[in-house]
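Architecture and fold: a report
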Amino acid sequence: MAIDSFVISIFLMLLCGRLLSELCSRQGAPGVVGEMLAGLLIGPSVLGWVHPHNTLSVLAELGVILLLFDIGCETSVKRLYHASGRSFWVALSGIVIPAVVAGASAAYWLNLPPFTALFFGCALTATSIGISIRVMTQANQAQTLAGQVILGAAVIDDIAGVILLSILLNFSVDGTLSVASVLILIIKVVGFLFLAPPLARVLIYLSRGMQPHFKHSGYDVLVVVILICLFAWLSHWFGAPALLGGFAVGMALSRQFVSPINRYLRNPFPFTHQLEKSAKPLVDIFSPIFFVYVGVSVDLSQLDLTISGLLLLLWLALIAIVTKLAAGLTAKGPWRRKMIIGSAMIPRGEVGLVFAEMGRQLNIIQPKLFTELVLIIAISSIVGPMLLKWALKGQTVLHTKR
């Protein structure tokens, strides 16, 4: 991508994303909806000012990594652990129901071969951590029990999505399925999630000790970026999504980080707070790029724009929404909490888009099906936050009445 095209694309993505985000926020809709609509507006579907490109895709992924870092900073490991039982059943339902129902629906309504239909269904098993938790954070609900269940279920969904993607891609290339390789992949991903935060914490202690030896400005943000890049690379090397690396570093910076060795070390909170504060401008600039890029990735010219074609697309999108909403019904508690959790599971976001792109590159799905799948992911990523905000508003009203 030429430098002039790159800089004008970033200019348009940041400017239009912020303007429409503010507009949606003033109208009571989540800001992420405005950012995705901005991408749809400036992308190939409407104005054609910005087109999907590998360079922009990488920058968008960096935005998600930084967003997950910010979420990790506010995450309590203890609360996440206590919510893990509830999260597991929500995540399991959110994987099995869409994979089976959406896959079977695609096979029937789109006349897809079995493997393509299975790939289609598995692409809709993912849950976007970034989209839902950002809405929860804006509503000051990220640290509630529902917020921790959502975060845990979304992390499990992303891990399961990566494992499913690896299995399907290996099968499409080799035509065989190795149980040993699948087990090794699972062990590596789970091992990373357990080992990365304590390791990042150790490196934070080391960087604090080295701080007096650095005289130039910008030491804090330099440390954060180095750690995020290192652990994003390690996460990818382990076979997990790179965004989990940013999440691990954020958890290591969290004031609520729990470790047996904490009692033997001097309290690092002033330093970790300083690191978190220095990285905030990076998060505010780069994280919206991902949501705008989701809209840019949609090309409506590939669609069947007949009435029957549009109705079929909306029907499949409705199936994608309902199957994730049903996952919330497995959560314990009042129906309002179930609605919050189910709504937060709806957006597919980054992992779903990775699924779609890998399928397109390997010719598992054709361009028309790719566009339909991306649009379904985009619809879920718009409807989900709107339902979630409605459910959270009801929760706020309920607490106010009490």
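In what follows, the structure referred to is the one given above.
To keep things clear, this report deals only with the structure shown in the data block. (Residues numbered from 1 in each chain as written. Predicted model: local features only at pLDDT ≥ 70, side-chain atom pairs only at ≥ 80, totals over all residues. Heavy atoms only, no water.)

Below, the discussion takes up the overall build of the protein chain. Secondary structure assignment for the protein chain yields 16 helices and zero strands. Considering only residue pairs separated by 6 or more positions, the protein chain has 81% of its internal contacts joining residues 24 or more positions apart. Accessible surface, the protein chain as shown: approximately 18600 Å² in total, 69% of it carbon and sulfur. (Helix = DSSP H or I, 4+ residues; strand = E, 2+ residues; numbered from the N terminus. Contact = heavy atoms within 4.5 Å. Areas by Shrake-Rupley, 256 points an atom, 1.4 Å probe, with all protein chains shown as cover.)

What follows covers helix α12 (residues 269–296). The end-to-end C-alpha distance of α12, which contains 28 residues, comes to 40 Å, matching closely the 40 Å that a straight helix rising 1.5 Å per residue would cover. Maximum bend of α12: about 35°, positioned at Val283. (Expected span 1.5 Å × (residues − 1). Bend = angle between axes of the 7 residues up to and from the residue.)

Quick look at the packing of helix α3 (residues 54–73) against helix α11 (residues 243–253) now. Running from N to C, α3 and α11 point in directions that differ by 30°, and their axes come no closer than 6 Å. As judged from the angle between their axes, α3 and α11 are roughly parallel. Once α3 is placed against α11, the crossing between them reads as right-handed. From α3, Val64, Ile65, Leu68, Phe69, Ile71, Gly72 and Cys73 reach across to α11, where they touch Leu243, Gly246, Phe247, Val249, Gly250, Met251 and Leu253. For the contact of α3 with α11, a count of residues per class yields eleven nonpolar, three polar and no charged. (Axes fitted to C-alpha atoms, helices over the stretch in contact; angles between N-to-C directions. Parallel < 35°, antiparallel > 145°, perpendicular 65-115°, else oblique. Left-handed = near helix turned anticlockwise from the far one by under 90°. Nonpolar A, V, L, I, M, F, W, Y, C, P; charged D, E, K, R; others polar.)

A word on the packing of helix α9 (residues 179–210) against helix α10 (residues 219–238). Close contact between α9 and α10 brings their axes to 10 Å; oriented N to C, the two are set at 160°. Classified by the angle between their axes, α9 and α10 sit roughly antiparallel to one another. Crossing angle aside, the handedness with which α9 passes α10 is right-handed. Across from Leu185, Lys188, Val189, Phe192, Ala196, Leu199, Ala200, Leu203, Ile204, Ser207 and Met210 in α9, the residues of α10 making contact are Tyr219, Val223, Leu227, Leu230, Phe231, Leu234, Ser235, Trp237 and Phe238. In terms of residue class, the contact of α9 with α10 is built from 17 nonpolar, two polar and one charged.

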